[in-house]
Amino acid sequence: MVHTGYPYRIEPTGAQRAMLMPTFGCVRVVSNDVIRAREAAWQAGEKLSNAEVQRRVITEAKRTEARGWLAEVASVPLVQSVQDAMPLRLRLFECQACGLVLDRDVNAALNIPAAGRAERVNACGARVSPASFEGALGDEAGSRGKPPGGTARVAA
């Protein structure tokens, strides 16, 4: 696998900068709150799910007077900052069959194309892939699996 990187630089206008700065500030506050929440939970012997951390540091925080201004920016970057702060053990995918361990994003990058190749029919029922992939149906991520009896069926 070859990874390619491209350096780039953005130069936002003054108006764009004024729109971006509140989001960056809120993301930083949420990231710090996530660290504090996880640390407090660890010290208390409490195990927090990502959903619970997100609820505490974003959803509940927006309802308080001290953090109400978080509601002024889009929630997507705030939620992403919670995901980015996940512990490494939660960001790994481990195959139960072979023991392969991958970063969850690398695993997704490998599985999404495989799932696309496994699909035979689009939402309207029209065929989208040639029949030459029949043997892969049920073996690739995202496939609908093999029917009882062990033979793969392909929708016509």
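Residues numbered from 1 in each chain as written. Predicted model: local features only at pLDDT ≥ 70, side-chain atom pairs only at ≥ 80, totals over all residues. Heavy atoms only, no water.

**So, the overall build of the protein**
Note the following rule: Where helices and strands are cited, they refer to DSSP runs of H or I of at least four residues and of E of at least two residues respectively, numbered from the N terminus. Here the term buried applies to any residue with accessible area under 20% of the maximum for its type, exposed to any over 50%, and partly exposed to those in between, with areas from a 1.4 Å probe on protein chains only. Residue contacts are defined here by distance: any two heavy atoms, one from each residue, within 4.5 Å place the two residues in contact. Note on areas: Shrake-Rupley with a 1.4 Å probe; residue coverage comes only from the protein chains shown.
Scanning the protein from terminus to terminus reveals four helices and two strands. Taken from the N to the C terminus, the helices and strands of the protein come in the order α-α-α-β-β-α. Here the protein holds 156 residues, and 22% of them are scored as buried. Sequence separation of at least 24 residues holds for 41% of the intrachain contacts in the protein that already meet a minimum separation of 6. If you sum the accessible surface of the protein, you get close to 11,200 Å²; carbon and sulfur atoms cover 57% of it.

**Thoughts on helix α1 (residues 14-43)**
For clarity, the threshold we go by: One less than the number of residues in a helix, times 1.5 Å, gives the span that helix is expected to have. The seven residues ending at a residue and the seven starting there each receive a fitted axis; the angle between those axes is the bend at that residue.
Relative to the 44 Å expected for 30 residues at 1.5 Å per residue, α1 spans 44 Å between its end C-alpha atoms, a close match to the ideal helical length. At Leu20, α1 is deflected by roughly 25°, the largest bend along its length, and proline Pro22 occurs up to four residues later in sequence. Residues of α1 that are buried include every one of Thr23, Cys26, Val30, Asp33, Val34, Ala37, Arg38 and Ala41, and no others. One or two steps after α1, the chain reaches Gly45, where phi turns positive at roughly 75°.

**Things to note about the nonpolar core**
Note on soluble globular proteins: their nonpolar side chains tend to be buried together. Stated formally: Only buried residues count toward a nonpolar core, which is a set of Ala, Val, Leu, Ile, Met, Phe, Trp, Tyr and Cys residues joined through side-chain atoms within 4.5 Å.
With 14 residues, the main nonpolar core has Val30, Val34, Val53, Val57, Ile58, Leu78 and Val82 as its most contacted residues. Contributing elements (two or more residues each) for this core: α1, α2 (50-62) and α3 (75-84). A per-element tally of this core places α1 first, with five residues. Here Val53 is in contact with Val34, Arg38, Leu48 and Val82, once residues within four sequence places are set aside.

**Section: α3**
Because an α-helix completes one turn every 3.6 residues, residues spaced three or four positions apart along the sequence face the same direction. Definition in use: The reported arc concerns the directions from the helix axis to the C-beta atoms and nothing else.
Among the residues making up α3, those that are buried are Leu78, Ser81 and Val82. When α3 is viewed along its axis, its buried side chains cluster within an angular range of 100° and face the same direction. Buried positions along α3 lie against α1 and α2.

**With respect to the pattern of salt bridges**
The condition is simple: Throughout this description, the term salt bridge denotes a Lys or Arg side-chain nitrogen within 4 Å of a carboxyl oxygen of Asp or Glu.
Evaluated as defined, the whole model comprises seven salt bridges. One salt bridge connects Arg55 with Glu52, and the closest N-O pair in it is separated by 2.4 Å. One end of the pair, Arg55, and the other, Glu52, are both in helix α2, three residues apart, so they sit about a helical turn from each other. When its relative accessible area of 35% is taken as the criterion, Arg55 is described as partly exposed. Look at the salt bridges and you will find they share partners, linking Glu46, Glu52, Arg55, Arg56 and Glu60 into a network.

**As for the packing of α1 against α3**
Basically, it comes down to this: All axes here are fitted lines through C-alpha atoms, helices being fitted over the stretch that makes contact, and every angle between N-to-C directions spans 0 to 180 degrees. Here a crossing is taken to be left-handed if its near helix is turned anticlockwise relative to the far helix by less than a right angle, and right-handed if that turn runs clockwise.
Where α1 meets α3, the axes come as close as 9 Å, and the angle between the chain directions of the two elements is 35°. The two elements α1 and α3 meet at a crossing, and its hand is right-handed. Where α1 abuts α3, its residues Thr23, Cys26, Val27, Val30, Ser31 and Val34 lie against Pro77, Leu78, Ser81 and Val82.

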